[in-house]
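Residue-level listing of the chains:
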Amino acid sequence: MRAGVVAAVFLAVAVSCAAAAAAAALPMFAEAPEYRNGEGCPAAAAGVCDPGLVHIAMTLDAHYLRGSMAAVYSLLKHASCPESIFFHFLAAEAVGVDPGPELLRRAVAASFPSLRFEIYPFRAEAVAGLISASVRAALEAPLNYARNHLAELLPRCVPRAIYLDSDVLAADDVRRLWETRLPAAAVVAAPEYCHANFTRYFTPAFWSDPGLGARVFAGRRRPMCYFNTGVMVIDLRRWRAGNYRQRIERWMEIQKEKRIYELGSLPPFLLVFAGEVEAVDHRWNQHGLGGDNVHGSCRPLHDGPVSLMHWSGKGKPWDRLDAGRPCPLDHTWKSYDLYIPSDGNAASPASGPALSASLFSW
């Protein structure tokens, strides 16, 4: 009996210590300014199934939480109807000192007390056996593949969702992206980049295989073009009806057998959707600001108007700022950074500079 009590106490202490360590692993954030709906916005939503809502899906984890917080802040600041946005966050289940959904929920709620959101636990084992080695270790994280499960995790009453990576910053009203028209033949809408060398996203073995290569893309309604999966509008009902998660995972299984690509979770999406994506204006994904996947060097904005900036690539603005080697555009991201450093000297988010009108063409 005594041994059982001691064991129970020891277990309770261990669990408590693990929870404390997980909480300590999370950075601290300031509370963001509160934004209210303007004139002409839908009436207050009754729940997640309200048809007037804009649904945004993102992932949450400890390392990228700082980016997620800045992204949410920018989306609310530039929204005409911020109270009509519902955020759906996908978070890995707690393992060891990694914070789980509940700790992440508290962090988000503390910085955005009025935010309409839900957090959905994502089990790493759902994809762990399908993931192959990539050019960068960060691309192998199971949470990168959570977007494949959106249609199963979100409530079935949600008709579509905008999926956004955590390293983005909005400079425009996201409702404009939400209202993207998806014709009957389309499941996904995203900015396409047809000037990019599409062949480099797959290995020579893929292109030389008589059963793969160009044959995979034959008969598609458009030419095959690269698109970045960090900004997508997804019709969830069509996704479920077409079993698109299973289609993507079938290519991940083939990858295990033949090694047909090198770049994480992007190529399976390209294999399924390239040539079938509904094109969105490039202003909604000014990507590549994090440089390439090896060096993370500085890059400028592309020519043209900007509605959303995306630090895809190895270099993340928060890491470069902390290292004292920021790129010029990282200072723009900094104005939305809610992070409170350990010395407590955080700038007031309300006083941070807005995105300069001279930087963007509207």
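Residues numbered from 1 in each chain as written. Predicted model: local features only at pLDDT ≥ 70, side-chain atom pairs only at ≥ 80, totals over all residues. Heavy atoms only, no water.

Within an unreviewed UniProt entry, the label attached to the protein reads Hexosyltransferase, and the organism entered is Digitaria exilis. In its Sequence similarities (unreviewed entry) section, the UniProt record describing the protein reads: "Belongs to the glycosyltransferase 8 family." One UniProt comment on the protein, placed under Pathway (unreviewed entry), says "Glycan metabolism; pectin biosynthesis." (UniProt positions renumbered as here; feature names shortened; annotations may be inferred.)

K.L.:
Please provide a residue-by-residue account of the side chain of histidine 55, values included.
P.N.:
Mapped onto the fold, histidine 55 is located in strand β2 (residues 54-60). For histidine 55, a relative accessible area of 2% corresponds to the buried category. Once residues within four sequence positions are removed from consideration, histidine 55 is found in contact with Val48, Asp50, Phe86, His88, Val158, Arg160, Ala161, Ile162 and Trp178. (Helix = DSSP H or I, 4+ residues; strand = E, 2+ residues; numbered from the N terminus. Buried < 20%, exposed > 50% of the residue type's maximum accessible area, 1.4 Å probe, protein only. Contact = heavy atoms within 4.5 Å.)

K.L.:
Now, about the state of the cysteines: what can you tell me, with residues and values included?
P.N.:
Counted according to the given criterion, the structure contains four disulfides. Between cysteine 41 and cysteine 81 runs a disulfide, and the two sulfur atoms are separated by 2.0 Å. A torsion of -95° about the S-S bond marks the disulfide between cysteine 41 and cysteine 81 as left-handed. In this pair, cysteine 41 sits in the loop between β1 (28-29) and β2 while cysteine 81 sits in the loop between α2 (65-78) and β3 (85-92), placing the two residues 40 residues apart along the sequence. When sorted by exposure, cysteine 41 lands in the same class as cysteine 81, which is buried. Here cysteine 49 pairs with cysteine 157 through a disulfide, and the sulfurs are 2.1 Å apart. Torsion about the S-S bond of the cysteine 49 and cysteine 157 cystine: about -80°, corresponding to left-handed handedness. Taken together, the positions of cysteine 49 in the loop between β1 and β2 and cysteine 157 in the loop between α4 (150-153) and β5 (160-164) put the pair 108 residues apart, joining distant regions of the chain. In the protein, the cysteines engaged in disulfides, taken in order along the sequence, are linked 1-3, 2-4, 5-6, 7-8. (Disulfide = S-S within 2.5 Å.)

K.L.:
Please give an account of the environment of arginine 250 that cites residues and values.
P.N.:
Here arginine 250 lies in helix α8 (residues 244-258). For the pair formed by arginine 250 and proline 268, sequence separation is 18 residues and the distance between their alpha carbons is 8.7 Å.

K.L.:
Requested: an account of unusual backbone geometry, with residues and values cited.
P.N.:
One non-glycine residue, asparagine 243, adopts positive backbone phi at about 55°. According to the relative accessible area criterion, asparagine 243 is partly exposed, its value standing at 44%. Within the chain, arginine 259 stands out as a residue other than glycine whose phi angle is a positive 55°. You can see arginine 259 is positioned in the loop between α8 and α9 (266-273). Judged by relative accessible area, which is 30%, arginine 259 ranks as partly exposed.

K.L.:
For α2, give the residues involved together with the corresponding values.
P.N.:
Counted at 1.5 Å a residue, the expected span for α2 with its 14 residues is 20 Å, and the 20 Å between its end C-alpha atoms agrees. Across the 14 residues of α2, 12 count as buried, placing the element largely inside the fold. Among all positions of α2, only Leu65, Arg66, Gly67, Ser68, Met69, Ala70, Ala71, Val72, Tyr73, Ser74, Leu75 and Leu76 are buried. (Expected span 1.5 Å × (residues − 1).)

K.L.:
So what about the layout of surface pockets? Which residues, and what values?
P.N.:
Looking at the second largest pocket, its volume works out to about 280 Å³. Looking at the second largest pocket, it is lined by 23 residues, and the ones nearest its centre are Tyr35, Pro82, Glu83, Ser114 and Leu115. For the lining of the second largest pocket, a count of residues per class yields 14 nonpolar, five polar and four charged. (1 Å grid on protein atoms, 1.4 Å probe; cavity = no way out; pocket = protein on both sides within 12 Å on 5 of 7 lines; lining within 4 Å. Points joined across faces, edges and corners; volume = space filled by probe spheres on them. Nonpolar A, V, L, I, M, F, W, Y, C, P; charged D, E, K, R; others polar.)

K.L.:
Run through the packing of aromatic side chains, naming residues and quoting values.
P.N.:
One pass over the structure, following the stated rule, counts 23 aromatic pairs. Put simply, the rings of Phe198, Phe202, Phe206, Trp207 and Phe217 touch in pairs and so form one group of aromatic residues. The ring of tyrosine 244 has arginine 247 lying over it, and the distance from NZ or CZ to the ring centre is 4.2 Å. (Phe/Tyr/Trp six-rings, centres within 6.5 Å; stacked < 30°, edge-to-face > 60°. Lys NZ or Arg CZ within 6 Å of the ring centre and 35° of its normal.)

K.L.:
Describe the sheet that holds strand β10 (residues 231-235), listing the residues and the values that go with them.
P.N.:
Strand order in the open sheet formed by seven strands is β4-β3-β2-β5-β10-β7-β11, and the pairing between neighbours is mixed. The sheet is open, and its two borders are formed by β4 (116-122) and β11 (278-279), each paired with just one other strand. Relative to β11, strand β7 (residues 188-190) runs parallel, the two being bridged by two bridges. If you follow alanine 190 over to β11, its bridge partner there is alanine 279. The strands touched by α2 within the sheet are β2, β3 and β5, with β2 carrying the most contacts at an inclination of about 165°. (Pairing = 2+ DSSP bridges. Axes fitted to C-alpha atoms, helices over the stretch in contact; angles between N-to-C directions.)

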